[in-house]
Amino acid sequence: VPSRRIPAWAGERGRSATQFYFAAAAGLCAPEDARHAYQAGRLARDLARWDAAEAWLEFAVAAAKRGRDRETQTVAVLGLGNTFYRQGFFHRAREAHLAGLALARRHDLREYCGRALHDLFAVSVDLRDARSAEAYAREAVAVYGAAHPNVPALAHDVAYLWLEQGDATRALPVLRAVLPH
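(A) Summary view of the overall build of the chain. Scanning the chain from terminus to terminus reveals 10 helices and 0 strands. Order of helices (α) and strands (β) in the chain, N terminus to C terminus: α-α-α-α-α-α-α-α-α-α. Taken over the C-alpha trace, the chain has a radius of gyration of 18 Å; the compact-globule value for 181 residues is 16 Å, and the two agree within 12%. Its C-alpha atoms give the chain principal-axis dimensions of about 55 × 35 × 30 Å. Looking at the chain residue by residue over its 181 residues, the buried ones come to 42%. For the chain, restricting intrachain contacts to residue pairs at least 6 apart in sequence, the fraction spanning at least 24 positions comes to 49%. When the accessible surface of the chain is totalled, it reaches about 9,900 Å², and 55% of it is carbon and sulfur. The positive charge centre, built from 24 side chains, and the negative charge centre, built from 20, are 3 Å apart in the chain.

(B) Looking closely at the layout of surface pockets. Approximately 260 Å³ is the volume found for the largest pocket. Surrounding the largest pocket, 14 residues form its lining, Tyr-38, Arg-42, Val-75, Tyr-112 and Arg-115 being those nearest its centre. Mapped by element, the contributors of at least two residues to the lining of the largest pocket are helix 3 (34–46), helix 5 (70–86) and helix 7 (110–126).

(C) Spatial organisation of the environment of Arg-42. Along the chain, Arg-42 falls in helix 3. Judged by its relative accessible area of 26%, Arg-42 is partly exposed. Separated by 41 residues in sequence, Arg-42 and Thr-83 place their C-alpha atoms 8.5 Å apart.

(D) Representation of helix 8 (residues 130–144). In a regular helix each residue adds 1.5 Å, so 15 residues correspond to 21 Å; helix 8 covers 21 Å between its end C-alpha atoms and thus fits that length. Along helix 8, the residues classified as buried are Ala-133, Glu-134, Tyr-136, Ala-137, Ala-140, Val-143 and Tyr-144. The elements touched by buried residues of helix 8 are helix 6 (90–106), helix 7, helix 9 (151–164) and helix 10 (168–178). In the stretch just after helix 8, Gly-145 is the one whose phi turns positive, near 90°.

(E) Spatial organisation of the packing of helix 2 (residues 16–29) against helix 3. At their nearest, the axes of helix 2 and helix 3 sit 8 Å apart, and the two run at 155° to each other. One element, helix 2, and the other, helix 3, form an angle in the roughly antiparallel class. Like other packed secondary-structure pairs, helix 2 and helix 3 cross with a definite hand, here left-handed. Counting all contacts with helix 2, which are made through Gln-19, Phe-20, Ala-23, Ala-24, Ala-26 and Gly-27, the residues of helix 3 involved are His-36, Ala-37, Gln-39, Ala-40, Leu-43 and Ala-44. For the contact of helix 2 with helix 3, the per-class residue count stands at 8 nonpolar, 4 polar and no charged.

(F) Focus on the nonpolar core. Counting 45 residues, the largest nonpolar core has Phe-20, Phe-121 and Leu-154 as its most contacted members. The set of elements that each furnish at least two residues to this core consists of helix 2, helix 3, helix 4 (50–66), helix 5, helix 6, helix 7, helix 8 and helix 9. Ranked by the residues each element gives to this core, the list is headed by helix 7, at 7 residues.

(G) Region of interest: the packing of aromatic side chains. Inspection of the entire model under this criterion finds 2 aromatic pairs. Summarising the aromatic geometry, the rings of Trp-56 and Phe-59 are spaced 5.9 Å apart at their centres and angled 80° between planes, so their arrangement reads as edge-to-face. Residue Trp-56 and its partner Phe-59 are both found in helix 4; the two are separated by 3 residues, about one turn of the helix. Phe-59 sits in the partly exposed class, given a relative accessible area of 31%. The ring of Phe-84 carries Arg-92 above its face, with NZ or CZ at 4.0 Å from the centroid.

The rules behind these values
- Residues numbered from 1 in each chain as written.
- Predicted model: local features only at pLDDT ≥ 70, side-chain atom pairs only at ≥ 80, totals over all residues.
- Heavy atoms only, no water.
- Helix = DSSP H or I, 4+ residues; strand = E, 2+ residues; numbered from the N terminus.
- Rg over C-alpha atoms; globule rule 2.2 N^0.38 Å.
- Buried < 20%, exposed > 50% of the residue type's maximum accessible area, 1.4 Å probe, protein only.
- Contact = heavy atoms within 4.5 Å.
- Areas by Shrake-Rupley, 256 points an atom, 1.4 Å probe, with all protein chains shown as cover.
- Lys, Arg positive; Asp, Glu negative; His and termini not counted.
- Charge placed at Lys NZ, Arg CZ, Asp CG, Glu CD.
- 1 Å grid on protein atoms, 1.4 Å probe; cavity = no way out; pocket = protein on both sides within 12 Å on 5 of 7 lines; lining within 4 Å.
- Points joined across faces, edges and corners; volume = space filled by probe spheres on them.
- Expected span 1.5 Å × (residues − 1).
- Axes fitted to C-alpha atoms, helices over the stretch in contact; angles between N-to-C directions.
- Parallel < 35°, antiparallel > 145°, perpendicular 65-115°, else oblique.
- Left-handed = near helix turned anticlockwise from the far one by under 90°.
- Nonpolar A, V, L, I, M, F, W, Y, C, P; charged D, E, K, R; others polar.
- Core = buried A, V, L, I, M, F, W, Y, C linked by side-chain atoms within 4.5 Å.
- Phe/Tyr/Trp six-rings, centres within 6.5 Å; stacked < 30°, edge-to-face > 60°.
- Lys NZ or Arg CZ within 6 Å of the ring centre and 35° of its normal.

Shown next as structure tokens:
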């Protein structure tokens, strides 16, 4: 599909802004395809173009909802949460991630449930809510499964949280376990 190849070509050459503009053009040319809008939003977020990122991701959510593309709808809601998180809007990020988690659960999108829970862990850490953070981490591991490639990163983050709380006794074995990863 040319509308996906051109942004990919620009990205391979390190031309992030060009990649975003071509993705945005594709989103404008095919407004019914939520994946184009999602890609434009994600790329805008990576460029720290917050207003554009939010607009494209909201457009992606609406287009995906109209087209009954539940996977893109879910990932776009989670993308909004990550956009808010990167700006330090932790309460808005939590709301978006909770909405993404609800969508993922409703449509049995297990991978996105794990991602949402992982993101909620990070938001809870930044909100200084260690109890919720640990609960989200436990739930994320249960959803991911022990062999999932995101588990070592999550384990590292949990261990770091414990270190920040002064609990090196719990953190050290986890850090040793994730060292090979």
